[in-house]
There are 4 protein chains.
Amino acid sequence: MIIVLKPQVTEDEIQHIVEKIKSLDMQPHVSTGQYRTIITVIGDEDIIREQPLEAISGVESVKAIMRPYKLASKETHPDITVIRVGDVEIGGKNIVLVAGPCAVEGEKEVIKHAIMAKKAGAVLFRAGAYKPRSSPYSFQGYGADGLKYLAAARQETGLPIVTEVMDPRDVGLVAEYADILQVGTRNMQNFNLLKELGTINKPVMLKRGMSAKINEFLMSAEYILSYGNKDVILCPRGIRTFEDITRNTLDAGAVPVLKSFSHLPVLCDPSHAVGLKDYVPAAAMAYLAAGADGIMVEAHPNPEDALSDGQQTIDFDQLVDLREKLGMIAKALGRDIY
Amino acid sequence: MIIVLKPQVTEDEIQHIVEKIKSLDMQPHVSTGQYRTIITVIGDEDIIREQPLEAISGVESVKAIMRPYKLASKETHPDITVIRVGDVEIGGKNIVLVAGPCAVEGEKEVIKHAIMAKKAGAVLFRAGAYKPRSSPYSFQGYGADGLKYLAAARQETGLPIVTEVMDPRDVGLVAEYADILQVGTRNMQNFNLLKELGTINKPVMLKRGMSAKINEFLMSAEYILSYGNKDVILCPRGIRTFEDITRNTLDAGAVPVLKSFSHLPVLCDPSHAVGLKDYVPAAAMAYLAAGADGIMVEAHPNPEDALSDGQQTIDFDQLVDLREKLGMIAKALGRDIY
Amino acid sequence: MIIVLKPQVTEDEIQHIVEKIKSLDMQPHVSTGQYRTIITVIGDEDIIREQPLEAISGVESVKAIMRPYKLASKETHPDITVIRVGDVEIGGKNIVLVAGPCAVEGEKEVIKHAIMAKKAGAVLFRAGAYKPRSSPYSFQGYGADGLKYLAAARQETGLPIVTEVMDPRDVGLVAEYADILQVGTRNMQNFNLLKELGTINKPVMLKRGMSAKINEFLMSAEYILSYGNKDVILCPRGIRTFEDITRNTLDAGAVPVLKSFSHLPVLCDPSHAVGLKDYVPAAAMAYLAAGADGIMVEAHPNPEDALSDGQQTIDFDQLVDLREKLGMIAKALGRDIY
Amino acid sequence: MIIVLKPQVTEDEIQHIVEKIKSLDMQPHVSTGQYRTIITVIGDEDIIREQPLEAISGVESVKAIMRPYKLASKETHPDITVIRVGDVEIGGKNIVLVAGPCAVEGEKEVIKHAIMAKKAGAVLFRAGAYKPRSSPYSFQGYGADGLKYLAAARQETGLPIVTEVMDPRDVGLVAEYADILQVGTRNMQNFNLLKELGTINKPVMLKRGMSAKINEFLMSAEYILSYGNKDVILCPRGIRTFEDITRNTLDAGAVPVLKSFSHLPVLCDPSHAVGLKDYVPAAAMAYLAAGADGIMVEAHPNPEDALSDGQQTIDFDQLVDLREKLGMIAKALGRDIY
């Protein structure tokens with residue numbers, strides 16, 4: 001931790017800060033330059049991070065040296081995490097394609113959709129039973145019934161299921177049915193939900209908050225890890241910026257940063273990132289070329305009839321075509337696709 | 001709803017869209033210009049909003065005419081909402097000052113802090129029993145015990161209590177103790193929490209999400225209102241932008257927009273908006289001059305010992321001074337301060 | 001300057017960095033903690049700022065201690081700068097109201113508009129002869145003729161003139177006519193224009209770039225100051241964010257920061273900040289309450305006929321009303337209005 | 001153009017708007033729904049775009065239908081533009097790799113750097129003679145001498161030269177030396193510079209402004225095209241967002257949008273987009289996979305000695321490696337690399 005003092009700081013103020021740091025069992029080193037005095041603090045940054053040093057008279061700014069997460073960090077955990085779901089490894093050599101509609105639309109429908117996904121070459125199936133909708137008047141999902149329909153779809157196709165959980169009260173139930181539990185972008189900092197997910201033994205796919213900095217994203221992964229669940233998949237899905245032609249701004253640049261900072265697998269969602277089906281294939285390829293371990297897309301046999309997010313949903317033929325393209329990019333990168 | 005068609009749209013595609021709209025019991029009017037064909041749809045926009053029209057072949061874009069909320073809108077509810085808590089009216093002529101520390105720091109402490117707030121002229125007391133912290137290793141709040149301490153502080157001072165609820169499971173308990181329940185910025189779109197808050201009979205202070213558009217903010221208010229709770233207070237608290245000298249970017253410009261779009265009272269939080277105590281008074285005055293009905297600040301007798309957010313917390317003398325300044329601005333605006 | 005090294009940095013790499021710093025006549029102090037080694041560099045930060053230290057093997061990040069501007073900084077120039085134009089002091093006790101249309105619309109028109117501005121109580125008149133328009137097909141301004149019309153308007157009313165210069169080739173000509181030369185938001189980092197403006201003896205009003213950080217804004221002021229012109233007025237005018245209901249996001253929170261970092265006067269433009277006339281008065285009051293030394297608004301006798309920016313232009317009655325409100329806020333702040 | 005009226009609009013106000021539109025020789029169609037009246041305007045949107053309709057009493061909002069550019073638009077110019085420079089086609093089947101240091105660092109140096117670029121397989125050489133630096137105290141480039149050094153480097157290697165022009169006064173001189181003139185991100189809306197570039201017969205590489213929306217980017221291309229120069233290359237280079245780990249946010253998602261809206265070639269700059277050399281290869285591959293026609297990177301034989309931007313500059317070995325990877329991705333996409 002580096003503490004930069006104000007130019008007009010007094011000797012008494014410096015002394016007060018030095019004593020405060022010593023009282024925390026840490027060692028302060030004072031360096032006096034021509035314009036500024038700096039205090040370098042050696043010791044466990046976690047302790048001092050909790051102190052409101054900027055509230056102390058004479059302090060101009062405080063600069064942390066260490067990143068605030070440990071379990072999610074490659075630094076303290078250099079081995080890459082590979083998460084196995086059924087026969088599929090997420091974070092291994094092979095790229096993983098996850099596909100399915102935004103929402104579970106009924107039992108027959110979801111089975112039909114899973115069959116479509118499998119036929120197109122997806123190895124995991126996604127669909128939402130619980131739907132976070134920005135309007136209370138929109139379709140809110142089939143809930144617990146939707147979970148049963150998903151189980152039926154898995155039964156039929158063998159594809160493991162990725163589905164969202166929104167409420168800490170539902171974690172147990174969703175964990176009974178799902179193979180991977182998804183945390184949506186709006187819940188990335190729903191800490192009580194993260195804590196519950198830290199106690200289950202199913203993998204969690206954590207979507208990046210739409211205005212979350214990369215370090216906050218990893219801090220939310222740290223919540224789940226710190227409560228005992230080691231299987232967290234990071235899911236970039238676009239961020240909110242001033243650009244409004246696309247629904248969000250594709251955050252492909254976050255992929256190499258996440259891969260550099262963390263050992264966790266990265267699986268990206270191009271559908272929400274761009275929000276318009278015509279741009280989804282290019283977005284998916286960009287994520288992959290940037291280093292993603294997998295791609296999750298919204299796909300539906302007839303997007304204009306989808307109950308949710310139809311405008312960003314590709315159809316069966318587009319999904320087949322996308323898988324082929326992803327396979328070729330994967331090979332160019334020395335990887336392969338399931 | 002306006003549907004703009006692609007330049008190369010075919011007659012068959014137009015016909016398909018027209019029939020889709022008619023099948024929803026709405027009337028399409030087709031206007032053909034030199035470069036584009038437009039379909040104006042007359043009827044209940046709520047129905048057509050749910051349709052993924054942009055997924056239909058030939059559609060370039062869809063433009064909504066109406067705002068997607070009704071209960072939060074001034075248009076359908078022109079009378080200003082005034083919320084009464086004890087003797088205090090929020091949204092009336094008088095400005096409301098809410099003050100207190102970020103977190104409940106113990107029973108004795110919180111009583112002391114409430115006495116300080118009262119002495120400085122605040123009419124509501126704020127402090128968090130449940131704390132949403134971005135790190136799992138940070139102090140997480142006193143929880144249920146904290147609520148009891150808050151009740152003791154109210155008992156001692158008579159000041160009504162504003163405190164946060166983070167989890168739908170805690171809504172009932174918090175509602176027993178608090179006078180106003182606060183939803184934090186990270187939970188603005190925690191829809192299950194909003195639904196629970198819609199069923200209680202205590203006012204809810206809804207903080208703006210750090211990257212929420214104004215219409216999304218009002219949509220979250222709509223959730224609470226639509227579940228039956230009419231007492232929602234809107235709380236701008238800064239938004240996330242590229243500027244990083246301040247913790248967030250002061251969203252004073254949102255105040256006149258909210259006042260124009262909605263009948264709900266607007267009470268602003270300058271502490272989180274700027275994040276550094278030296279700028280809090282200017283930020284508070286800017287919010288007030290922009291039209292806020294009240295100001296909520298973090299204040300602590302000794303900010304450098306605060307358990308949370310000390311760097312943005314003002315002390316007793318600064319709070320007294322701020323109240324005086326707010327009172328003068330209020331008078332310049334033809335209002336007054338409690 | 002603080003250099004944070006990578007966890008796996010080698011002794012050779014540390015030695016290389018230490019020598020590099022010594023070769024610049026600066027002193028490195030190496031601190032080794034449990035997780036990281038840090039090198040604190042004492043000496044003239046301007047020299048080392050130019051070195052691409054992050055390109056050196058073993059370096060994780062480099063953190064500057066000093067702000068990169070000197071002449072614009074309050075630290076090296078603690079006395080407040082007050083700029084006198086005619087009888088008006090900008091940056092003194094009295095608030096300055098600048099008003100006028102977006103563009104010079106002809107000789108008779110601009111005289112009429114200046115008379116209106118004076119009648120409403122403005123003490124400076126603004127109108128653009130050169131117009132930066134995002135479309136090449138939009139009205140581009142009257143250019144040199146417009147400058148003559150502005151001179152006629154000054155002749156008629158006695159109001160000093162604020163007008164924009166867009167091109168380094170026009171600086172001499174504009175300086176002959178204008179009392180204050182304005183740099184528009186799109187030219188805040190047009191460094192050759194800034195250099196030319198550094199050589200004239202008229203004040204410059206520098207608008208904040210729409211995505212400029214505060215330190216970049218002050219760096220652009222530093223350009224003008226460093227070329228010899230001491231009279232720079234800082235003009236916040238809204239920044240670009242994800243919020244799109246208003247044209248820009250009101251940056252009232254930048255005002256106390258600028259006042260804290262710099263000695264230069266701050267005069268704000270609420271018209272561009274919000275972009276819709278109904279919100280301009282609230283925005284103007286927010287800027288003023290945040291600490292602005294003056295307000296510049298677009299005003300026109302008949303906004304719907306304005307040649308540019310009519311949607312954000314207030315009319316005569318609104319201008320009179322705004323001046324009265326600003327006067328009351330100014331008094332509440334212990335200031336006054338001209 | 002769609003004009004949405006306020007709910008409380010009067011008959012007189014509607015009549016006034018209708019007449020205003022007719023006076024512009026356009027036809028208004030009034031549609032009255034349950035909640036809102038809408039006026040659809042048929043005719044040349046360029047005329048009505050200039051009118052401040054939102055300033056008229058009774059108007060709530062105005063929605064444009066057409067994009068405001070014509071020459072840059074694929075709609076009015078469906079054939080793809082391919083720009084030939086020497087033997088290289090930009091926008092054709094083959095991917096173009098442009099490489100070189102940020103700045104011209106002297107005559108011998110720049111020749112050495114061009115030889116390195118050629119050896120690594122680049123087909124165009126980039127280096128700046130004029131440098132837009134955010135600090136007036138930073139190295140400002142060799143200027144006119146730098147242009148001569150660049151000519152010597154071209155003489156030596158045969159590589160065509162890409163170099164920046166910052167000032168309308170320098171356009172003629174730079175055009176004598178450069179093969180492609182670059183407009184930097186800070187000058188994307190320096191309209192007088194764009195106008196000058198519209199009159200030359202050399203291609204212009206237009207970098208995206210760091211907070212420019214895609215439509216504004218294309219509007220700036222339109223400036224150049226409308227003044228007669230048909231050879232404009234669009235250069236995404238990252239945008240400014242809240243994320244600060246990387247220098248900018250990679251705008252790979254803009255590539256398919258630009259390709260869909262415009263016929264102009266797209267050549268991307270990953271170095272500025274991410275700003276740290278370790279992430280440049282992933283960023284380059286993401287841009288390419290998203291559909292870019294070429295990649296421009298900062299490369300230097302010894303980045304830690306670079307006079308500018310060393311932290312984002314790759315070295316010779318990394319450049320060779322990057323070219324190989326780009327070649328493999330190009331093939332996966334059915335393209336090739338020069």
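In this text the structure is predicted, and so the values were computed from the model without any measurement.

## With respect to the overall build of chain A
Piece 1. Scanning chain A from N- to C-terminus turns up 11 helices and 15 strands.
Piece 2. Sorting the 338 residues of chain A into buried and exposed places 66% on the buried side.
Piece 3. When contacts within chain A are restricted to residue pairs at least 6 apart in sequence, those whose partners lie at least 24 apart make up 68%.
Piece 4. Within the structure as shown, chain A displays about 11000 Å² of accessible surface, and the carbon and sulfur contribution to it stands at 47%.

## Quick notes on the relation of the copies chain B and chain A
Piece 1. By a simple turn and slide, chain B fits onto chain A: the slide is 0.0 Å along the axis, the RMSD is 0.0 Å, and the turn is 180°. The two molecules are tied by a two-fold rotation axis, judged by turn and shift. Closest to the rotation axis within chain B is the C-alpha of Ser211 of chain B, separated from it by 3.0 Å.
Piece 2. Of all interface residues in chain B, 100% are interface residues in chain A too; the two copies therefore contact each other through one and the same surface.

## Remarks on the interface of chain B and chain A
Piece 1. The partner chain A presents 50 residues to the 50 residues of chain B that form the contact.
Piece 2. Overall, the association of chain B and chain A removes approximately 4400 Å² of surface from exposure, summing both partners, and the carbon and sulfur fraction of that is 46%.
Piece 3. Taken together, chain B and chain A are joined by 10 salt bridges.
Piece 4. The partner of Glu216 of chain A in a salt bridge is Arg240 of chain B, with the nearest N and O atoms 2.6 Å apart.
Piece 5. On inspection of chain B and its partner chain A, the count reaches 27 residue pairs in polar contact (both at pLDDT 80 or more).

## Points about the pairing of strand E9 (residues 161-164) of chain A
Residue and element names in this part refer to chain A.
Piece 1. Here E9 shows no split at all, with Ile161 and Thr163 on one side and Val162 and Glu164 on the other all buried.
Piece 2. With two bridges connecting them, strand E8 (residues 124-126) and E9 associate as parallel partners. When the bridges of E9 are listed, Phe125 appears paired with Ile161.
Piece 3. Note on the crossover from E8 through helix H4 (residues 144-157) to E9: the handedness is right-handed.

## Re the packing of aromatic side chains
All names here are of chain B.
Piece 1. The tally for this structure, following the rule as stated, stands at 12 aromatic pairs over all chains.
Piece 2. Here Phe139 and Tyr142 contribute two aromatic rings whose centre-to-centre distance is 5.7 Å and whose plane-to-plane angle is 75°, an arrangement assigned as edge-to-face.
Piece 3. When its relative accessible area of 25% is taken as the criterion, Phe139 is described as partly exposed.
Piece 4. Taking the relative accessible area as the measure of exposure, Tyr142 reaches 35% and is therefore partly exposed.

## Focus on the pairing of strand E3 (residues 37-42) of chain A
Each regular strand displays side chains that alternate between the two surfaces of the sheet.
All names here are of chain A.
Piece 1. Along E3, six of the six residues are buried, which leaves the element largely enclosed by surrounding structure.
Piece 2. Of the two faces of E3, both are covered, the one formed by Thr37, Ile39 and Val41 as well as the one formed by Ile38, Thr40 and Ile42.
Piece 3. The pairing of strand E1 (residues 2-5) with E3 spans three bridges and is antiparallel. Each residue of the ladder has a partner; that of Ile2, found in E3, is Thr40.
Piece 4. Hairpin connection from strand E2 (residues 27-32) to E3: four residues lie between these consecutive antiparallel strands.

## With respect to the side chain of Ser271 of chain A
All names here are of chain A.
Piece 1. Within the secondary structure layout, Ser271 lies in helix H9 (residues 270-274).
Piece 2. A distance of 2.9 Å separates a polar side-chain atom of Ser271 from the backbone nitrogen of Glu298.
Piece 3. Sequence-distant contacts of Ser271, defined by excluding residues within four places in its chain, comprise Val280, Met296, Val297, Glu298 and Gln312.

## Quick word on the confidence of the model for chain A
Piece 1. In this model, chain A carries an average pLDDT of 95, and 100% of its residues clear a pLDDT of 70 or more.
Piece 2. This prediction of the complex comes with two scores: 0.96 for pTM and 0.96 for ipTM.

## Section: the relation of the copies chain A and chain D
Piece 1. The transform that puts chain A on chain D rotates by 180° and translates by 0.0 Å along the axis, for an RMSD of 0.0 Å.
Piece 2. Both copies present the same face, since 100% of the interface residues in chain A are matched by interface residues at the equivalent positions in chain D.

## Quick look at the interface of chain A and chain D
Piece 1. Counting from both sides, the interface comprises 33 residues of chain A and, opposite them, 33 residues of chain D.
Piece 2. Between chain A and chain D, a total of about 2700 Å² is buried, with carbon and sulfur atoms accounting for 74% of that surface.
Piece 3. The three residues of chain A that bury the most area against chain D are Phe242, Ile245 and Tyr279 of chain A, which together make up 23% of that side's buried surface.
Piece 4. Linking chain A to chain D there are four salt bridges.
Piece 5. Here Arg208 of chain A ties to Glu243 of chain D by a salt bridge, and the two come within 2.8 Å at their closest N and O atoms.
Piece 6. In this structure, the connection of chain A to chain D is made through eight residue pairs in polar contact (both at pLDDT 80 or more).
Piece 7. The residue inventory of the side of chain A that touches chain D, partitioned by class, reads 21 nonpolar, seven polar and five charged.

## Some remarks on the sheet that holds strand E1 (residues 2-5) of chain C
Residues and elements named next belong to chain C.
Piece 1. Judged by pairing direction, the sheet is antiparallel, and its four strands sit side by side in the order E2-E3-E1-E4 without closing on themselves. Looking at strand neighbours, the two that pair on one side only are strand E2 (27-32) and strand E4 (59-63), the edges of this open sheet. For this sheet, the mean inter-axis angle between neighbouring strands, taken without regard to orientation, is 20°.
Piece 2. Relative to E4, E1 runs antiparallel, the two sharing four bridges.

## Focus on the domain arrangement of chain A
Piece 1. Each domain of chain A was delimited in the assignment, giving domain 1 (2-63) and domain 2 (83-337).
Piece 2. Put simply, the middle of domain 1 of chain A and the middle of domain 2 of chain A, counted by C-alpha atoms, are 44 Å apart.

## Re helix H4 (residues 144-157) of chain B
Residues and elements named next belong to chain B.
Piece 1. A rise of 1.5 Å per residue sets the reference length of H4, with its 14 residues, at 20 Å; its end C-alpha atoms lie 20 Å apart and thus fit the reference within 8%.
Piece 2. For H4, every residue scored as buried is listed here: Gly146, Leu147, Tyr149, Leu150, Ala152, Ala153 and Thr157.
Piece 3. Where H4 is buried, its residues meet helix H3 (107-120), strand E8 (124-126), strand E9 (161-164) and helix H5 (171-177).
Piece 4. Two residues or fewer past H4, Gly158 is found with a positive phi of approximately 80°.

Cut-offs and rules
Residues numbered from 1 in each chain as written. Chains lettered and ligands numbered in written order. Predicted model: local features only at pLDDT ≥ 70, side-chain atom pairs only at ≥ 80, totals over all residues. Heavy atoms only, no water. Helix = DSSP H or I, 4+ residues; strand = E, 2+ residues; numbered from the N terminus. Buried < 20%, exposed > 50% of the residue type's maximum accessible area, 1.4 Å probe, protein only. Contact = heavy atoms within 4.5 Å. Areas by Shrake-Rupley, 256 points an atom, 1.4 Å probe, with all protein chains shown as cover. Least-squares fit on C-alpha atoms with pLDDT ≥ 70 in both. Buried area = accessible area lost by both parts, 1.4 Å probe. Salt bridge = Lys/Arg side-chain N within 4 Å of Asp/Glu carboxyl O. Polar contact = N/O pair within 3.5 Å; in protein donor to acceptor, adjacent residues only side chain to side chain. Pairing = 2+ DSSP bridges. Right-handed = clockwise from strand over helix to strand, strands pointing away. Phe/Tyr/Trp six-rings, centres within 6.5 Å; stacked < 30°, edge-to-face > 60°. pLDDT = per-residue confidence, 0-100. Nonpolar A, V, L, I, M, F, W, Y, C, P; charged D, E, K, R; others polar. Axes fitted to C-alpha atoms, helices over the stretch in contact; angles between N-to-C directions. Domains from an automatic or database assignment. Expected span 1.5 Å × (residues − 1).

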